[in-house]
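# Coordinate analysis (summary)
Read off the chains here:
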Amino acid sequence: PGPRMPLWGSAAERPPSKRRSSRAMTDSPVQQHPTAELPLVSDLIAQYKPVIAAVRARPELATVLQPEHDDIFILRYVISFRSDVGKCADAIKRAILWRRGDASVL
């Protein structure tokens, strides 16, 4: 093959990038919400209480959950995995076991 040729002769001929710059990301509406519009953690715990209880009841978590793993800890996974109890339990178990094994790295 011959030498590589540029697709465009100059920057002016290049199509606009679809990539968002860091400046565009700081102007996102998510970061502009006042805290009054965000749900309270206590409201989220109440809303997801049945799912949190179902995650706690999973047999694979019986040996890994400790008292320091409160409802807020589990809530993070419940929201992240959209209330899929099996995926939450798997992710929680992997995270706890990883932290136990690699605590010196932290």
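Starting afresh in each chain, residues are numbered from 1 along the sequence in its written order. At least 70 in pLDDT is required for a residue's local features to be given in this predicted model, at least 80 for side-chain atom pairs to be given and counted, and no such filter applies to totals for whole chains, interfaces and linings, which use all residues. Side-chain figures throughout are based on the complete set of non-hydrogen atoms in the structure, without hydrogens or water.

### A word on the nonpolar core
Rule in force here: The definition of a nonpolar core used throughout is a set of buried Ala, Val, Leu, Ile, Met, Phe, Trp, Tyr and Cys residues joined through side-chain atoms within 4.5 Å. Throughout, exposure labels follow a simple rule: accessible area from a 1.4 Å probe, protein chains only, divided by the maximum for the residue type, with under 20% read as buried, over 50% as exposed, and the rest as partly exposed. The helix count covers DSSP runs of H or I at least four residues long, the strand count covers runs of E at least two residues long, and both are numbered beginning at the N terminus. Contact definition: two residues touch when any of their heavy atoms are within 4.5 Å.
Of all hydrophobic cores here, the largest spans 20 residues; its most connected members are Ile52, Val55, Leu61, Ile74, Tyr77, Val78 and Ile92. Contributing elements (two or more residues each) for this core: α3 (41-47), α4 (49-56), α5 (71-80) and α6 (85-101). Sorting elements by how many residues they give to this core places α6 first, with six residues. Excluding residues within four positions of it along the chain, isoleucine 74 makes contact with Ile52, Val55, Arg56, Leu65, His69 and Ile92.

### Observations regarding the pattern of salt bridges
How we decide: The rule for a salt bridge is simple: a side-chain nitrogen of Lys or Arg has to be within 4 Å of a carboxyl oxygen of Asp or Glu.
Inspection of the entire model under this criterion finds four salt bridges. Across the pair lysine 49 and aspartate 71 runs a salt bridge whose closest N-O atoms are separated by 2.8 Å. Note that lysine 49 is positioned in helix α4 and aspartate 71 in helix α5, a separation of 22 residues in sequence. The buried category is assigned to aspartate 71, whose relative accessible area is 17%. Where salt bridges share partners, they join Lys49, Arg56 and Asp71 into one cluster.

### Regarding the packing of α5 against α6
To keep it simple, the criterion reads: Throughout, an axis means a line fitted to C-alpha atoms (over the contacting stretch in the case of helices), and angles, computed between N-to-C directions, take values from 0 to 180 degrees. To sort the angles, those under 35 degrees are grouped as roughly parallel, those over 145 as roughly antiparallel, those from 65 to 115 as roughly perpendicular, and the leftovers as oblique. Each crossing is labelled by how the near helix is turned from the far one, with a counterclockwise turn of less than a right angle marking it left-handed and a clockwise turn marking it right-handed. As a working rule, the residues Ala, Val, Leu, Ile, Met, Phe, Trp, Tyr, Cys and Pro are called nonpolar, Asp, Glu, Lys and Arg charged, and the rest polar, with Gly in that last group.
Relative orientation of the contacting elements α5 and α6 amounts to 125°, with a least axis distance of 9 Å. Taken together, the axes of α5 and α6 lie oblique to each other. The handedness of the crossing between α5 and α6 comes out as right-handed. From α5, Phe73, Ile74, Arg76, Tyr77 and Val78 reach across to α6, where they touch Cys88, Ala91, Ile92, Ala95, Ile96 and Arg99. Considered class by class, the residues forming the contact of α5 with α6 number nine nonpolar, no polar and two charged.

### So, α6
Structurally, the α-helix is built with 3.6 residues per turn, so residues lying three or four positions apart point the same way. What counts here: Every helix has an expected span of 1.5 Å times one less than the residues it contains. Working note: the arc is built from the helix axis to C-beta atom directions.
For α6, built from 17 residues, the straight-helix expectation of 24 Å at 1.5 Å per residue is met to within 8% by its first-to-last C-alpha distance of 24 Å. The complete set of buried residues in α6 reads Cys88, Ala89, Ala91, Ile92, Ala95 and Ile96. Here the buried residues of α6 occupy an arc of 170° about the axis, which is enough to place them on one side. Within α6, the exposed residues directed more than 90 degrees away from the buried face are Arg94 and Gly101.

### A word on the confidence of the model for the protein
The criterion, for reference: Every residue carries a pLDDT, the predictor's confidence in it, which falls somewhere between 0 and 100.
Here the protein averages 81 in pLDDT, and 62% of its residues register 70 or above. Per-element mean pLDDT across the protein ranges from 53 in helix α1 (residues 22-26) up to 97 in α4.

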